[in-house]
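An overview of the molecular structure
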Amino acid sequence: MSHRALAQTRAAPAPSPGDATAGTPTAASPPDASGLRAPAFPGWLFGSATVAAVFVLSLAAVALAPEGSTIAVWWPAAGVAVAALLRAPRRWWAVIVPGVVLASALANYTAGRPPAAAVGFGLSNAAEAWLVAWWVCRGVTGRPVLRSLEDLWRLFSGVVLGCSVIAVGGGLTVHLFLDGDFWQTARSLMATHGAAIVVMAPLGMATNGAAFARRRGEAVGQWLITMGVVVLLFSPGQVLPVTFAPMPFLVWGALRLGPRNVCWQLLSVGVIGSVMTVHGNGPFAAVPESQVPDPETTGALVQLFLLAAAIITMPLALAVDQRRTALDRVSASEELFRRSFSESLVGMLVLRLTGSDLRIEQLNGTAAEILGGDAEELVGRSWTALLDTSSSVDEVARSMLAGASSGWREELWLSTPDRRRVQVSLSPLSPGTDVSPEAEGALFTAQMSDVTATYDANSRLRTEMDFTSAVLDTTDCLIIVVGLDGTVVGMNPAAERAARRSDSEVIGKPLWDVLVAPEERTATRQRFADRRALVQPHEGTLMTSAGSRRRVIWTSAYLTDETGTRTHVVMTGIDVTRERTAQRLLSDVVESATATPMIGTDLDGTVTVFNRGAEEMLQYTAEELLGAALPDELLLPEEARARAAELGVEPGVGVLSAAVARTGEPETRDWTFVRQDGTRVLVNLTVSAVQDTFGQRVGYFGVGRDVTEQRRSQRVLVATLAKEREAVDRLRQLDQAKNEFVSTVSHELRTPITSIVGYTEMLQDGVAGELRPEQARLLDVVRRNGERLVTLVEDLLTLSSLESGTFATDLAEVDLRDVACQAYDAVRPLLSQRDLAVTLDVPEDPVVVHGDAGQLERVALNLLSNAVKFTEDGGRVSLSLRRSACDAMLVVRDTGIGIPVEEQPDLFTKFFRSSSAQERAIQGTGLGLSIVQSIVRNHGGDVSVDSAHLAGTAFTVRLPLARGADGTVG
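Residues numbered from 1 in each chain as written. Predicted model: local features only at pLDDT ≥ 70, side-chain atom pairs only at ≥ 80, totals over all residues. Heavy atoms only, no water.

Points about the sheet that holds strand β2 (residues 357-363)
Taking strand neighbours across the sheet as the criterion, the six strands line up as β2-β1-β6-β5-β4-β3 in an open arrangement whose pairing is antiparallel. Strand pairing shows two members of the sheet lacking a second neighbour, β2 and β3 (387-388), which therefore form its edges. For strand β1 (residues 347-354) and strand β6 (residues 443-450), the ladder comprises six bridges, and the chain directions are antiparallel. Within the sheet, the bridge partner assigned to Val 350 lies in β6 and is Thr 445. Helix α14 (residues 393-401) contacts β1, β2, β3, β4 (408-414), β5 (421-428) and β6 of the sheet and is inclined by roughly 30° relative to β5. (Pairing = 2+ DSSP bridges. Helix = DSSP H or I, 4+ residues; strand = E, 2+ residues; numbered from the N terminus. Contact = heavy atoms within 4.5 Å. Axes fitted to C-alpha atoms, helices over the stretch in contact; angles between N-to-C directions.)

As for the side chain of Thr 541
Here Thr 541 is to be found in strand β9 (residues 538-543). With relative accessibility at 8%, the residue Thr 541 sits in the buried group. Here the side chain of Thr 541 touches Arg 551 through a polar contact of 2.6 Å, side chain to side chain. Discounting residues that sit within four places of it in the chain, Thr 541 has contacts with Leu 515, Val 516, Ala 517, Glu 520, Arg 549, Arg 550 and Arg 551. (Buried < 20%, exposed > 50% of the residue type's maximum accessible area, 1.4 Å probe, protein only. Polar contact = N/O pair within 3.5 Å; in protein donor to acceptor, adjacent residues only side chain to side chain.)

Concerning the packing of aromatic side chains
In total, this model carries five aromatic pairs according to the counting rule given. Considering the side-chain rings of Phe 182 and Trp 183, the 5.1 Å spacing of their centres and the 85° angle between planes classify their relative orientation as edge-to-face. Through pairs of rings, three or more aromatic residues link up here, namely Trp 130, Trp 134 and Trp 135. One residue, Arg 669, lies across the ring of Trp 671, its end atom 5.1 Å from the ring centre. (Phe/Tyr/Trp six-rings, centres within 6.5 Å; stacked < 30°, edge-to-face > 60°. Lys NZ or Arg CZ within 6 Å of the ring centre and 35° of its normal.)

A short note on the sheet that holds strand β23 (residues 953-960)
If you walk across this open sheet you meet the five strands as β18-β20-β21-β23-β22, and the pairing is mixed. The open sheet has two free edges, formed respectively by β18 (837-841) and β22 (942-947), since each of these has just one partner strand. Neighbour-to-neighbour, the strand axes of the sheet open up by a mean angle of 15°, direction not taken into account. Two elements, β18 and strand β20 (residues 876-883), share five bridges in a ladder whose sense is parallel. Across the sheet, Thr 839 pairs through a bridge with Ser 878, a residue of β20. Each of β20, β21 (887-894) and β23 touches helix α29 (residues 853-869); the most contacted strand, β21, lies at about 20° to it.

Considerations on the nonpolar core
Ranked by size, the top nonpolar core spans 60 residues in total, and within it Leu 86, Leu 266, Phe 305 and Met 314 carry the most contacts. Here Leu 266 is in contact with Val 199, Leu 250, Leu 306, Ala 309, Ala 310, Thr 313 and Met 314, once residues within four sequence places are set aside. Formed by 39 residues, the second largest nonpolar core is a distinct cluster that contains Leu 816, Ala 823, Tyr 824 and Val 877. (Core = buried A, V, L, I, M, F, W, Y, C linked by side-chain atoms within 4.5 Å.)

Overview of the packing of helix α24 (residues 637-647) against helix α25 (residues 655-663)
The geometry of a pair of packed helices is captured by two quantities: the angle between their axes and the separation between those axes. For the pair α24 and α25, interaxial distance at closest approach is 9 Å and the crossing angle is 20°. In terms of axis orientation, α24 runs roughly parallel to α25. Considering how the two elements wind past one another, α24 and α25 form a crossing that is left-handed. Each of Ala 640, Arg 643, Ala 644 and Leu 647 in α24 lies in contact with α25, whose residues at this interface are Val 655, Ala 658, Ala 659 and Arg 662. Among the residues forming the contact of α24 with α25, the class breakdown is six nonpolar, no polar and two charged. (Parallel < 35°, antiparallel > 145°, perpendicular 65-115°, else oblique. Left-handed = near helix turned anticlockwise from the far one by under 90°. Nonpolar A, V, L, I, M, F, W, Y, C, P; charged D, E, K, R; others polar.)

This is the structure we're talking about:
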């Protein structure tokens, strides 16, 4: 750094205070992949070298200061410190920055500065170097680069910030501790430090040296000429103001040899110019004393010269390098495009928009082959006409020109004769250019790929996939796809239904964890470990989400890829849960039927079923007979021979199924089986044919039961029934004789009893003379008993006629009101000496039925006289007539002694008398109600009773109403 020197003679040159800054030497190391070089020294060695360089260069700069000047012509220590920080990794800054503080302070102290001033200059130099490096490295990962104008601008702006810091810090240090001028010191420090950093800092950044490597011969010549001109410019005695002389040669290097060459040449010019000027040579040292009042101006001019050279050449070098890089990339892209266009396996076309059409401007061989023509013949033809598409291609192209879309892509058929399927993409040739949508002649690029084979393959694949999907979705077979490690990959709907799980619940999980019963999981893992056993059919248990189980027969097969490598296992299962359940149920039923023998055979007579019931009945074990033929000793020989002769077959146990084999129908008959111990048992055996699922006969099945005791009981029962039948016939004959006797006796008794009653009435009337009271009383008793005998005879005759079917009924329309009234009048004489309330209730309208008036009157009179007879004095008796929609109801109700409920079922039986009547010694024959029921039923009606002991009685007679000619009921 330049600074104000001591105001004393320089016996021994001392470094200017505050100008000793730490710099980092750039050790050479191989470039990495990005072209950057990293220090090859350890961190402590790199930091030590930087501190030493800063110290030495600071002392050297002071030694080279002009005589009598307080400003060094150049201050390279600042540039070295910044270059070292830019080149070093960020983690080393914590060592380098304190080293710069120490080296700069030590150099100033060595030059004779007070300790406070030395420390102030050390801190200012370190802050300057850190701030420039931090500003340049902002947002940069790794070593910063100098390859664009943006990088150069970041460097220049960092230099301005750093020089501002050193100007303020150094000016304050000189003003406070050395009594110097702040502004003059600040201006001097900015010039000397700015030139040094601008020239030397780029050496710590990555720059492009490719141009120098390509033009080594030209580079040597340019270096010799440029350095020669600089040496001549600053040679002794050269006082001409031709400082512009090196500029053309520096520009030559910037244009031809790249940024790295410019950086080294600027450093060389700075060293030569500064050293020669310090020794009083060159145009800047030759300024007359009258024009330059102090030596500081000389140093400032040198630094301005260096800054001007850097500002002119460095941007130019970077701009040329960027342009050269861009041209190289364009050339490479052009060559790549040309080769890609002509040699591409994709059809490439350049199209020009002409009117409403896109015409072929250029195409490669692949495109010509796809379009089915020669490339030269296709040039100039309409590309749009070759496409079979519903899209308006010209509108798509104009929308791209308008910026509405960036491209168009579609898969379509060509309208060429061979009808190829192609995938087409279209885009503007120069996207982003300001082209009007209506502009004619706009260029587009198109790519065409022949996807006919792919389309056909995909179509076939889709068809096969649809077919496979339909088969998998509709089949009842359970299909599970599993990885070789047992992980479930997928299931078809049948498997989902059987497991009651969706495939998403099991995919990615081990088969044995989600679908296999716990007791079978170890065996399933072992089966997957043994790849040969995995494809063997087996029966297993499928666990459902609800915890239920399904029995499944699995068959497995491997899926392989195109190389034949096994990738998955396809497990196909048949749910046999119902079959196994039915089989188990049948087995349990057969085995549990210990009282029912069951025997099954195949068509050859080999025993296939021999249950426990058969074992207990025939005293053979299943182990003895299963798989063997039935022994002939099972059947009674004479019975087997008789049946064989009847059927025309050979004797033996084959006669059991011979009839079924001939007709196909089940046969049930009794057979005498001989047990193993020789005893006999009579078995009722039903033999049926057994068929498979296709209706084919596969065997015979017999179900029997021991009927020995049953047949013995049946024989006894038959004999008993025969005897009972004889007894019944005998009783029927006796009953018929009784009826005939009753009828005969009744007829024979009617005449004499009638004569007795008649003559008794004549005697009572005095025909034979006046009667004494005792005689009249005795005759009255004779008359009443005679009338009772007449009534009894009439009842017997009536009942006999009803039972024999000879009872005559004269049907006519009868008004039941007349029947009720006549019955009421007939019973009134019975009330002369009784205290009873007897009422009659009939409707005003006729109640007409079809019947015999006399018989119906007898019904009403019997019921009414019974009510009077069984009702004690003080009671009530009523006779009422009602009608419903179809029936007439004649109701006789009393408050008499009633009828016990348990005796009412026998109430209409002949000669039945209730216990209540018998207890009270009420006279009667027990025939009246039987006659009433017979007459009512003979008229199509019915009679019912509602009574209880000592609770009165109500008899209801229902008779159908008579219908008139118009269908109405009477």
